[in-house]
Structure formats: C-alpha cells, structure tokens
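# Structural description and commentary
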Amino acid sequence: MSEDRQRAIARKGQTVGLVIAGTMVLWILANLAGPALGLPGRYALLFDFAALAAMIWAMVNIYQIWQARQEDK
C-alpha cells in the first residue's frame, strides 16, 4: 500500500471518528436541552433522526475504509 493511500485512509478514519464523537455529544446535549427549553417532542425526533443519519454516514464510510484495506492486501 502506498504511503499516500495510507494517509488518505487514515484521514478518512479520523473524520469518521470525529463525526461519531461529535454526533453523540450533540445528540446528548440536544436531549438534555430540549426539555429544559420546553421544546415539543417532535424536536427530539428531529435530533434523533439527524443523529441516525450521521451514524449511517459513518457506517458507510467505515465500510469503504474496510473495502480499501481489503483491496491492498
């Protein structure tokens, strides 16, 4: 595997890690802030679906990273 390809895969992995961590932090904060601000329950669903979309994006990218590493073996 070339060094440039390794760096690209590593960078993509770091991005996925940051998205997962950031999503979970924002999701927790939104779930804590929603009732405190008196937001209706539909906003909780909006936050949940946004977090779910981010997790699906992360899983797709993890699969792509896995596929790229399998090709290089």
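To start, this report covers the structure provided alongside it. Because the structure is a prediction, the values reported are computed rather than measured. (Residues numbered from 1 in each chain as written. Predicted model: local features only at pLDDT ≥ 70, side-chain atom pairs only at ≥ 80, totals over all residues. Heavy atoms only, no water.)

## A closer look at the packing of aromatic side chains
Test applied: For this analysis, a ring pair means two rings from Phe, Tyr or Trp (six-membered ring only for Trp) whose centres lie within 6.5 Å, classed as stacked if their planes differ by under 30 degrees, edge-to-face if by over 60, and tilted for the remaining angles. Only DSSP runs of H or I covering at least 4 residues are called helices, and only runs of E covering at least 2 are called strands; the numbering of each starts at the N terminus.
A complete count under the given rule lists one aromatic pair for this structure. Their ring planes at 35° and their centres at 5.8 Å tell us that Y63 and W66 sit as a pair that is tilted. Placement of both Y63 and W66 in helix 2 (residues 41-71) is noted, with a separation of three residues, approximately one turn of the helix.

## Brief notes about a nonpolar patch on the surface
Selection rule: Patch membership requires more than 30% relative accessible area and the absence of a salt bridge. Residues of like charge join within 9 Å; the nonpolar side chains Val, Leu, Ile, Met, Phe, Trp and Tyr join within 5 Å. In this description, accessible areas are obtained by the Shrake-Rupley approach with a 1.4 Å probe, and a residue is regarded as covered only by the protein chains that are shown. The term salt bridge refers to a side-chain nitrogen of Lys or Arg lying within 4 Å of a carboxyl oxygen of Asp or Glu. The classification of residues rests on relative accessible area computed with a 1.4 Å probe and restricted to protein chains. Under 20% of the type maximum is buried, over 50% is exposed, and intermediate values are partly exposed.
Taken together, the side chains of M24, V25, L26, W27, I28, L29 and L32 present a nonpolar region at the surface, about 670 Å² in accessible area. Judged by its relative accessible area of 32%, W27 falls in the partly exposed class.

## So, the side chain of N61
Applied cut-off: Polar contact is defined as a pair of N or O atoms within 3.5 Å, subject to the rule that within protein one atom must be able to donate a hydrogen and the other to accept it, and that residues adjacent in sequence are counted only when both atoms are side-chain atoms. In what follows, residue pairs with any heavy atoms lying within 4.5 Å of each other are defined as contacts.
Inspection of the secondary structure puts N61 in helix 2. Classification of N61 by relative accessible area gives buried; the value is 8%. Of note is the side chain of N61, whose polar atom sits 2.8 Å from the backbone oxygen of W57. Not counting residues within four places of it along the chain, the set of residues in contact with N61 comprises K12 and V16.

## Overview of the pattern of salt bridges
Counted by the stated rule, this structure contains two salt bridges. R5 is paired through a salt bridge with E71; the nearest N and O atoms lie 3.4 Å apart. Pair noted here: R5 is in helix 1 (residues 3-37) and E71 is in helix 2, with a separation of 66 residues, a long-range link. Using a relative accessible area of 59% as the deciding quantity, one classes E71 as exposed.

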